[in-house]
Amino acid sequence: MIHNITYRTFVYSTEDEEKVTDAISYIFFEPSPVREVNEDHFGNKIIVLSEKISKKRSTRSIASFLNDNLSIDDKNTIKEELSRRMDEKGNLFLRFDKQEAYDQKLKLTYSGDAIHMRIKIASYPVSKENALKVACKIFDFLDE
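Rules behind the numbers
- Within every chain, residues take consecutive numbers counted from 1 along the sequence as written.
- In keeping with the predicted nature of the model, local features appear solely for residues at pLDDT of at least 70, side-chain atom pairs appear and are counted solely at 80 or more, and the whole-chain, interface and lining totals rest on all residues.
- To obtain the side-chain values, all non-hydrogen atoms of the structure were included, while hydrogens and water were left out.
- Helix and strand assignments come from DSSP, with helices taken as H or I runs of at least 4 residues and strands as E runs of at least 2, each series counted from the N terminus.
- Here the radius of gyration uses the C-alpha set of atoms, whereas the globule reference equals 2.2 Å times the residue count to the power 0.38.
- Relative accessible area decides the class of each residue, using a 1.4 Å probe on protein chains only: under 20% of the type maximum gives buried, over 50% gives exposed, and in between gives partly exposed.
- Computed with the Shrake-Rupley method and a 1.4 Å probe, the accessible areas treat only the protein chains shown as cover for residues.
- Counted as positive: Lys and Arg. Counted as negative: Asp and Glu. His and the chain ends are not counted at all.
- Each charge is placed at NZ for Lys, CZ for Arg, CG for Asp and CD for Glu.
- Pairing between strands is defined by DSSP: at least two bridges between them are needed.
- Residues grouped as a nonpolar core are buried Ala, Val, Leu, Ile, Met, Phe, Trp, Tyr and Cys residues, joined through side-chain atoms within 4.5 Å.
- A contact between two residues is defined here by any heavy atoms of the two lying within 4.5 Å.
- Side-chain rings of Phe, Tyr and Trp (the six-membered ring for Trp) are treated as a pair once their centres are within 6.5 Å; stacked means planes under 30 degrees apart, edge-to-face means over 60, and tilted covers the remaining angles.

Quick look at the overall build of the protein
- Secondary structure summary: the protein contains five helices and five strands in total.
- Overall, the protein shows an N-to-C arrangement of helices and strands of β-α-β-β-α-α-β-α-β-α.
- Relative to its length of 144 residues, the protein is compact, with a C-alpha radius of gyration of 15 Å against a globular reference of 15 Å.
- By principal-axis analysis of the C-alpha atoms, the protein measures approximately 45 × 30 × 30 Å.
- For the protein, buried positions account for 44% of its 144 residues.
- Of the roughly 8500 Å² of accessible surface on the protein, 48% is carried by carbon and sulfur atoms.
- For the protein, the separation between the mean place of its 23 positive charges and that of its 25 negative charges on side chains is 7 Å.

As structure tokens, this is what we get:
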């Protein structure tokens with residue numbers, strides 16, 4: 001029901017990479033991110049941490065983690081915004097606050113300075129409408 005889950009986050013020069021990795025570890029158990037070093041417009045180092053998770057058991061455990069740890073308010077936000085958060089190819093996009101994740105809390109954010117998650121929903125035939133139906137089955141908080 002989930003093809004894969006991808007995450008990406010940025011480590012800015014003012015942040016501790018180990019702490020950002022700890023924040024990722026709260027959501028994605030035992031992460032193995034690919035590390036890419038870039039520079040911003042001013043020459044400051046920016047590290048991009050990303051990973052694609054495609055093992056069925058891992059994607060299910062992440063979906064369960066989301067169901068168990070999102071607040072009622074965040075669940076309602078996703079439910080209300082589900083159609084806007086999903087593209088035509090069945091990708092569901094979520095952003096989680098890095099600082100909250102470091103503090104072992106799961107909190108949606110609209111900020112760009114976040115842990116970006118893309119959940120590729122498996123549906124046949126591939127369409128946004130079919131993916132929305134599958135997402136409602138996967139995430140019990142969306143089927144209330």
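Having put the structure on the table, let's press on.
Some thoughts on the pairing of strand 5 (residues 114–121)
- When you tally the buried positions in strand 5, you get seven out of eight residues, the bulk of the element.
- Here strand 1 (residues 2–11) pairs with strand 5 via six bridges, running antiparallel. Each residue of the ladder has a partner; that of asparagine 4, found in strand 5, is lysine 120.
- As paired strands, strand 4 (residues 91–97) and strand 5 are joined by seven bridges and run antiparallel to one another. Across the sheet, residue asparagine 91 finds its bridge partner in strand 5, namely lysine 120.

Looking at the nonpolar core
- Counting residues in hydrophobic clusters, the biggest one holds 37 residues, and the most contacted among them are Ile27, Phe28, Leu66, Phe96, Met117 and Ile119.
- For this core, the elements supplying multiple residues, two or more each, are strand 1, helix 1 (17–27), strand 3 (45–53), helix 2 (56–69), helix 3 (72–85), strand 4, strand 5 and helix 5 (128–138).
- In this view, methionine 117 contacts Ile5, Thr6, Tyr7, Ile27, Phe28, Ile62, Leu66, Leu92, Phe93, Leu94 and Phe96; residues no more than four positions away in its chain are not counted.

Quick word on the packing of aromatic side chains
- Here the structure, examined in full by the defined rule, presents four aromatic pairs.
- The interplanar angle of 85° and the centroid separation of 5.6 Å between the aromatic rings of phenylalanine 29 and phenylalanine 65 together place this pair among those described as edge-to-face. Of the two residues, phenylalanine 29 sits in the loop between helix 1 and strand 2 (34–39) while phenylalanine 65 sits in helix 2, which places them 36 residues apart along the sequence.
- Ring pairs connect the aromatic residues Tyr26, Phe29 and Phe65, which therefore count as one cluster.

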